[in-house]
Every structure is written in C-alpha cells, then in structure tokens.
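# Structural description and commentary
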Amino acid sequence: MIGIKSFGAYVPWLRMSRETVARSWGIPGAPGTVAVANFDEDSLTMACEAASDCLAGLEASDLGGLFFASTTPPYAEKSSASLIAVVLDVTDEAYTCDFALSLRASTSALGAALDAVKAGKADDILVTAADARFAEPMTAWEQTLGDGAGAVLVGSGEGVIAEYLGSYSSPDETYMTWRREARDRTLREFNARMAQTKGYTERMAAGIGKAMERFGVRPEEVSRAVCSAPDFRAHMAVAKALKLDPATQMQDALFASVGWTGTAQPLLMLAGALESGVKAGDLILLANYGEGVDVLLFRVTEALEGLLPRRGLRGHLASWSSLDSYPVFLRYRDALRMGRPEYASSTTILWRERRELYSLYGSRCRECGLVRFPPQAVCSRCRARGEREEVRLARRGRLFNFINDHLFESMESPTTLCLVDLDGGGRIFLHMTDRDSEAVELDMEVELTFRRLFEGEDFYTYFWKCRPVRGGGDAV
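This text gives an overview of the structure that appears in the document. (Residues numbered from 1 in each chain as written. Predicted model: local features only at pLDDT ≥ 70, side-chain atom pairs only at ≥ 80, totals over all residues. Heavy atoms only, no water.)

What follows is about the packing of helix 2 (residues 43-54) against helix 3 (residues 80-88). The N-to-C vectors of helix 2 and helix 3 enclose an angle of 45°; their axes lie 10 Å apart at closest approach. Considering their axes alone, helix 2 and helix 3 lie oblique with respect to each other. Note on packing geometry: the crossing formed by helix 2 with helix 3 is right-handed. For the pair formed by helix 2 and helix 3, the contact residues are L44, A47, C48, A51 and S52 on the first element and S80, L83, I84, V87 and L88 on the second. Among the residues making up the contact of helix 2 with helix 3, the classes are represented as eight nonpolar, two polar and no charged. (Axes fitted to C-alpha atoms, helices over the stretch in contact; angles between N-to-C directions. Helix = DSSP H or I, 4+ residues; strand = E, 2+ residues; numbered from the N terminus. Parallel < 35°, antiparallel > 145°, perpendicular 65-115°, else oblique. Left-handed = near helix turned anticlockwise from the far one by under 90°. Contact = heavy atoms within 4.5 Å. Nonpolar A, V, L, I, M, F, W, Y, C, P; charged D, E, K, R; others polar.)

Put into structure tokens, the structure is as follows:
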C-alpha cells in the first residue's frame, strides 16, 4: 500500500484583519484576517515548520527524500530543499528536489513523491510547500493573499493513513495571475473575471469530473473535496458545478482566517481534511489548479486513528496575534524605502559549521556530561581535553535569562535577547520572536524556530530563534 503516512501544517503567528488594510486606504474591507509572515520568516523557514510538524514522533534520519515546492523560494538559483534537509538533520543520502514556478508545484511534488515510492526509488519522502506572495497595494489581492506552509510524508507499508488510489492531470494555458522573472515582485493580472470563470472554474470542474470518471467515483461518494481556489466565490462555483455539498463535502479553503496561500493551500487544506474526523474508508479528493489541473484520490485507513498528536492546522489556527499596523506590514515586506539593518556573514563559515548552525549539534563531555553550544574541544567545567561527543540539541527549553534591548538595531524594537537552557542540556544564546516583549518572563517555556537572521553580502543567513510555546498543541 502506498500513500500518505503523516501530515503537518504551519500558519504564521501574525494575522492582519482585512479591515486594517481597507482602513489604511479608505476603501471597503472584507471580513476576516490574512496570515502574515513575520519579518524574519520566508517560504523556507515556514516549510521547515510544517515539515517538523509532519514529523511528530518520527525520525528525520529515516527519510528517503525531501521535496520543497514554492513560487516564492528565497533563491532563484540555489536549492532550498537541501537546506531544509540539513535543518531537519536528514541523512546525506536523501533524495532532494525543488519544485517551483507554478501554483501546482505542491501537487507536482506530491505526485512525483508517490511515483518515486511506487518505483522503489525512495521510501518515506517528505513533501513540503510554502508561499509568501505579495500583492500590489489597494488591489483585491492585498486582502486575499495569506502566508503559510503544509507538509505530507509519502511512503508505503502499514503506516499509510491515506491510501493513494490514482491521479489525473491536464494543462490549461490561461493567464490568471503571474509574475515576470526579475521584473515583478507583486502578482499581475489582466482580466480576473475571465481567468476565474473560463480558466479556473471551467477547467477545475472539467478536470475533477474527468478524474472521478476515470477513478469510477461519483460525487456523492467523496467524503472530503480538497479543492484549491483563489477566493471564496470561485471555490463555491466549483462546488456548484460538481454538485458537491459545500457544508459536508467541500473542505474549508481557509479564506476567512488565513487567505489564499498559493502553493501551500492544497497541503494546508489536506491537513484540515485529515483533522476533520474522517474515518477509515472515506474518500478524499485533492484537486489543485495552476495553469492546469492536478487531481489525486486517497482512501483513509484505520492507521489515521493511531497518528500521534501534533499542532497541525487546528493548533496553528488557534494560536495567533493581531498585527494592527499596515505600515509595519509594508515594512516587513520591504515595500517601504526604509531598508533593513545590514549585517554580514560568510558562506565559508555557513558551510563549515552547517551541522552546528542548521542541524543544531553541540558537544557533550564524556568525562562530566556537560553539554555545550557551540561545541568545545576543552570542557569548561572539568577541563577534559578531546573528550567530547557530538549531540543533537533539543528544540525546547526554559528561559534562563533575557533582556529587552532597545538599542539593538532590528526590524522590531525592542529585541529580546535570551539565554535558554535546553531540555537534555546545553545553554544557548538566541533572539526571541513571535512574542509580546512585555509578557516575557524568567523560566518560561520556549521552543526553537528556524528563522532568517539577516541579509548581507548578497545571501541570506539563517539560524534558530526561540519563541514562547505556541498554544494549540506541541511542536516537535
């Protein structure tokens, strides 16, 4: 049996109401919020979060591959999948691949992973997708786009929670939204109504209809229809065309709370479907549009009931903080000519210390057991020399000490600088993010999150930060 063995989700901590956007421009606003990536987040860091959520109770070292999909990767030429693999501490022999350019990149990656497992090329391939797209100010897209990430683990055997039954794919040359290479930072469109009716709605409904005919499945037999969509109206148009019940069959596309998350949307919705109370034998239809249609069919197995708890989509939706300033949002997106603090690192150092900086390995003294980060050749407690062993540090701990530094040059002031005692040993110096600086207190429980520290010398430098443990479940 081949299929999905686990799932994960990530929705940023910050949410901005559409009313906040509308009030800034003096235009009508729609109800609800959109999820907003913090200033130190991008598609790569969000994908790391969703992947970690997906690996709840599992070892990343057992993965046979890792696929990353995004239309907004941090680099136009440099693999993000390889960096995510190092952050997760995946084995050096894992099969990694990046998928991009189309909103179907996530389902393309999922289909490729299923084919690779079926062909025996690799087993247990983690597919993660993330997007953080930016819209032109005062457009409808500005109140529609949201940021987020999803992940699924594809494999074979008894641990499959959703058996893969088949797929269908069809291209469609339509201009719905686009960005030109090296020229456009924000979405472009020409005739949105034509693109959504003649492109999205007609092709999506036709593709799903042909897929169900090929699978031998009738609409009433589908328990959950996970259909990506650019907005609520288009989503409901597909439901109507296929005679699917919006209340009981159509999976929530998250427009009210998160927004249109692009490449990540199908995997986020799939996480929601798997959390919705589906039972063994239920059919989940996954359909995604992006200049074409991808349709995949899964059947839920009894193994879903035994899946370990995780924060998942439900937990991330329950944990959030409001971003009430539209100018701050624009600054986080580099839309204002204010610049960012300039720092520099070294690609040589990042390469040489990648296990310490990305996989977060420290050292443990074989004589006295002291765990230190960064690794030390001479133990600072017992002075033993050369008696260290490598140890992977925990991703949770407690705040030993901190200071809210108002002088540190940063995108947000004050900067909360922390000393964290990690579970299992090791004290580490970190910045804190996703927090209310007035609510930080000694000995509070924190969890680590992989973030973008700064940009300098024409490349990005990533490292770990800490944050108060988000509600809604445990991170891995």
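With that settled, the discussion passes to a nonpolar patch on the surface. Taken together, the side chains of F400, L419 and F429 make up a nonpolar region of the molecular surface, amounting to roughly 270 Å² of accessible area. Tracing the chain through its elements places L419 in strand 17 (residues 415-422). (Patch = residues over 30% accessible without salt bridge, like charges linked within 9 Å, V, L, I, M, F, W, Y side chains within 5 Å. Areas by Shrake-Rupley, 256 points an atom, 1.4 Å probe, with all protein chains shown as cover. Salt bridge = Lys/Arg side-chain N within 4 Å of Asp/Glu carboxyl O.)

This paragraph deals with the packing of aromatic side chains. By the definition in use, this model includes 18 aromatic pairs. Arranged with centres 6.3 Å apart and planes meeting at 20°, the rings of Y343 and F408 form a pair that is stacked. In this pair, Y343 is assigned in the loop between helix 9 (326-332) and helix 10 (347-352) and F408 in the loop between strand 16 (396-405) and strand 17, connecting sequence segments 65 residues apart. In this structure an aromatic cluster arises from ring pairing among Y75, Y358, F450, Y460, Y462 and W464. (Phe/Tyr/Trp six-rings, centres within 6.5 Å; stacked < 30°, edge-to-face > 60°.)

Turning our attention to the environment of D172. Positionally, D172 belongs in the loop between strand 8 (162-171) and helix 5 (192-215). Residue D172 is classed as buried on the basis of its relative accessible area, which comes to 12%. Distance from D172 to R203, taken between C-alpha atoms, is 7.4 Å for residues 31 residues apart in sequence. In contact with D172, other than residues within four places in its own chain, are G199, R203, Y289, E291 and G292. Reaching out from D172, the side chain makes a polar contact with the side chain of T174 at a distance of 3.0 Å. (Buried < 20%, exposed > 50% of the residue type's maximum accessible area, 1.4 Å probe, protein only. Polar contact = N/O pair within 3.5 Å; in protein donor to acceptor, adjacent residues only side chain to side chain.)

The residue after F373, namely P374, is reached through a cis peptide bond having omega 0°. Mapped onto the elements, P374 comes out in the loop between strand 14 (371-372) and strand 15 (388-392). Cis peptide bonds are those with omega within 30 degrees of zero, and the linkage from S413 to P414 qualifies with 0°. Within the element layout of this structure, P414 appears in the loop between strand 16 and strand 17. Positive phi is not limited to glycine here, since M138 has a value of about 65°. Along the chain, M138 turns up in the loop between strand 6 (125-131) and strand 7 (148-156). The partly exposed category is assigned to M138, whose relative accessible area is 45%.

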